[in-house]
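Okay, here's what each chain looks like letter by letter:
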Amino acid sequence: VQLQASGGGLVQAGGSLRLSCAASGRTFSSYPMGWFRQAPGKEREFVASINWSGGRTYYAESVKGRFTASRDNANNMVYLRMNSLKPEDTAVYYCAVALRLAASDNWSPREMDYWGQGTLVTVSS
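This text gives an overview of the structure that appears in the document. This is a predicted model, so every value here is computed, not measured.

Let's shift gears to the side chain of N51. Tracing the sequence through the fold places N51 in the loop between strand 5 (45-50) and strand 6 (57-59). Under the relative-accessibility criterion, N51 is labelled buried at 13%.

To continue, consider the pattern of salt bridges. Side chains bearing opposite charge may pair, as long as their charged atoms lie close to each other. A full pass over the atoms with the stated rule returns 5 salt bridges. Two residues, R37 and D89, come together in a salt bridge whose shortest N-O distance is 2.9 Å. Taken together, the positions of R37 in strand 4 (residues 33-38) and D89 in the loop between strand 8 (77-82) and strand 9 (91-97) put the pair 52 residues apart, joining distant regions of the chain. Accessibility expressed as a relative area gives 6% for R37, which makes it buried. Residue R100 pairs with D113 through a salt bridge whose shortest N-O separation is 2.9 Å. Here the residue R100 occupies a position in the loop between strand 9 and strand 10 (114-115), and D113 occupies one in the loop between strand 9 and strand 10, the gap between them amounting to 13 residues. On the accessibility criterion, D113 (27% relative accessible area) is partly exposed. Each of R37, E45, R66 and D89 takes part in one network of salt bridges that share partners.

Calculation criteria
- Residues numbered from 1 in each chain as written.
- Predicted model: local features only at pLDDT ≥ 70, side-chain atom pairs only at ≥ 80, totals over all residues.
- Heavy atoms only, no water.
- Helix = DSSP H or I, 4+ residues; strand = E, 2+ residues; numbered from the N terminus.
- Buried < 20%, exposed > 50% of the residue type's maximum accessible area, 1.4 Å probe, protein only.
- Salt bridge = Lys/Arg side-chain N within 4 Å of Asp/Glu carboxyl O.

Written out as structure tokens, the structure is:
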């Protein structure tokens, strides 16, 4: 089982990026997936989750209205579209799968079952 995150990079404040997460080795179309991030010196924090069908999404307050999670189950992909980026969004972003939870806005990193390797997003001011 492998999750491969990509799409990070350097962007100016106000810019946009789209992160991708490719799942392989197992079909995750029946499970909620999500995104977390970890800034230097800080704990990993929840960013967004999306239910198995993509019909329900949940976001941290800090990214509501700016970030959008989506998924393509046919291709085992999950995405995070990030608009109006701020310097405080700078972090390593991780995708994750929860096998035992429903999608929600209060996921804890400890509850996730699989992790991607992370992709660095740097937002310059």
